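This is what each chain is made of:
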Amino acid sequence: MTAEDYLEGQILLIDKPLKWSSFQAVNKLKYILKRQYDLPKKFKIGHAGTLDPLATGLLIVCTGKFTKRITEIQAQAKEYTGTFTIGATTPSYDLETEIDATFPTEHISSELIQETIKQFLGEIDQKPPVFSAIKKDGKRLYEHARAGEEVEIAFRKTTIHEFEITRIQLPEIDFRVVCSKGTYIRSLAFDFGKALHSGAYLSVLRRTKIGHYSVNDGVSPEDFESALTPN
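The model shown is predicted, which means the values in this text are computed figures rather than measured ones.

A. A look at the side chain of D94. Along the chain, D94 falls in the loop between β5 (88-89) and β6 (101-102). Despite its burial, D94 pairs with no opposite charge; the closest candidate is R186, at 4.0 Å N-O. Looking at D94, its side chain comes within polar contact range of the side chain of S92, at 2.6 Å. Looking at D94, its side chain comes within polar contact range of the main-chain nitrogen of E96, at 2.9 Å. Residues in contact with D94, not counting those within four places in the same chain, are L54, R186, Y201 and L202.

So, in structure tokens, the structure goes:
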């Protein structure tokens with residue numbers, strides 16, 4: 001690959017490590033490429049869909065002229081795998097914040113779990129987590145949340161194409177979901193716990209596909225750097 005190739009446009013499939021922000025991952029790649037190829041300061045690079053720091057998996061990074069394709073790629077269906085932990089909730093709906101309430105789980109059976117899935121298939125109304133980057137009144141929702149401010153969040157339409165339970169070992173439930181753009185898996189965890197007449201939060205999340213792009217074809221930022229750097 002040459003400097004011209006990256007300027008003309010490439011789609012890079014990155015397996016984002018745990019605790020890295022999407023911004024950090026893109027910045028790391030930008031630094032690697034600019035150092036290796038002496039690219040201009042205005043070299044364009046960006047990702048097609050944010051992954052939270054506590055999530056791992058597929059981050060699609062576009063370079064050069066292919067940054068114009070980011071919106072098109074973001075619009076494609078996404079596949080996730082992960083774990084819901086049942087019997088408790090957190091304000092962020094994941095492990096970013098501490099448990100704020102606990103709930104009974106004795107009534108939860110495999111049959112109830114499988115029956116509850118049906119409520120979430122197709123088009124659903126979903127409320128984004130208050131700990132999210134959506135803007136309201138000029139501030140990110142998580143800024144309101146961290147300041148202890150109450151904000152009214154509107155429901156949004158989203159579509160769950162596939163929802164499969166892959167393991168049940170309470171309090172953990174493993175899942176696989178295929179969903180439309182704009183779906184919050186953290187909100188799905190919270191709503192699923194509520195539908196079970198209990199509580200739940202997202203304890204593990206991995207993005208495995210965006211459209212036909214798969215994390216199986218991705219590399220870590222470190223492996224990407226190693227492949228470019230001569231021994």
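Now that the structure has been shown, the text picks up again.
B. Examining unusual backbone geometry more closely. The linkage connecting L170 with the following residue, P171, adopts the cis geometry, with an omega of 15°. Mapped onto the fold, P171 is located in the loop between β10 (156-169) and β11 (172-179). The backbone of H197 shows a phi angle near 60°, a positive value even though the residue is not glycine. Its place among the elements puts H197 in the loop between α6 (185-195) and β12 (200-210).

C. Region of the structure containing α6. With respect to burial, α6 is a largely interior element, 8 of its 11 residues being buried. Listed as buried for α6 are I185, R186, S187, L188, A189, F192, G193 and A195.

D. Summary view of the environment of P104. By the secondary structure assignment, P104 is in the loop between β6 and α4 (110-117). Owing to a relative accessible area of 44%, P104 belongs among the partly exposed residues under this scheme. Beyond its immediate stretch of four places on either side in the chain, P104 contacts H197 and S198.

E. The packing of helix α2 (residues 22-37) against helix α7 (residues 221-228), seen in detail. As a packed pair, α2 and α7 sit with axes 10 Å apart at the nearest point and diverge in direction by 5°. Accordingly, the angle class assigned to the pair α2 and α7 is roughly parallel. Of α7, the residues touching α2 (which contributes K28, L29, I32, L33, R35, Q36 and Y37) are P221, F224, E225 and L228. Here the contact of α2 with α7 is composed, by residue class, of 7 nonpolar, 1 polar and 3 charged.

About the criteria used
Residues numbered from 1 in each chain as written. Predicted model: local features only at pLDDT ≥ 70, side-chain atom pairs only at ≥ 80, totals over all residues. Heavy atoms only, no water. Helix = DSSP H or I, 4+ residues; strand = E, 2+ residues; numbered from the N terminus. Buried < 20%, exposed > 50% of the residue type's maximum accessible area, 1.4 Å probe, protein only. Lys, Arg positive; Asp, Glu negative; His and termini not counted. Salt bridge = Lys/Arg side-chain N within 4 Å of Asp/Glu carboxyl O. Polar contact = N/O pair within 3.5 Å; in protein donor to acceptor, adjacent residues only side chain to side chain. Contact = heavy atoms within 4.5 Å. Axes fitted to C-alpha atoms, helices over the stretch in contact; angles between N-to-C directions. Parallel < 35°, antiparallel > 145°, perpendicular 65-115°, else oblique. Nonpolar A, V, L, I, M, F, W, Y, C, P; charged D, E, K, R; others polar.

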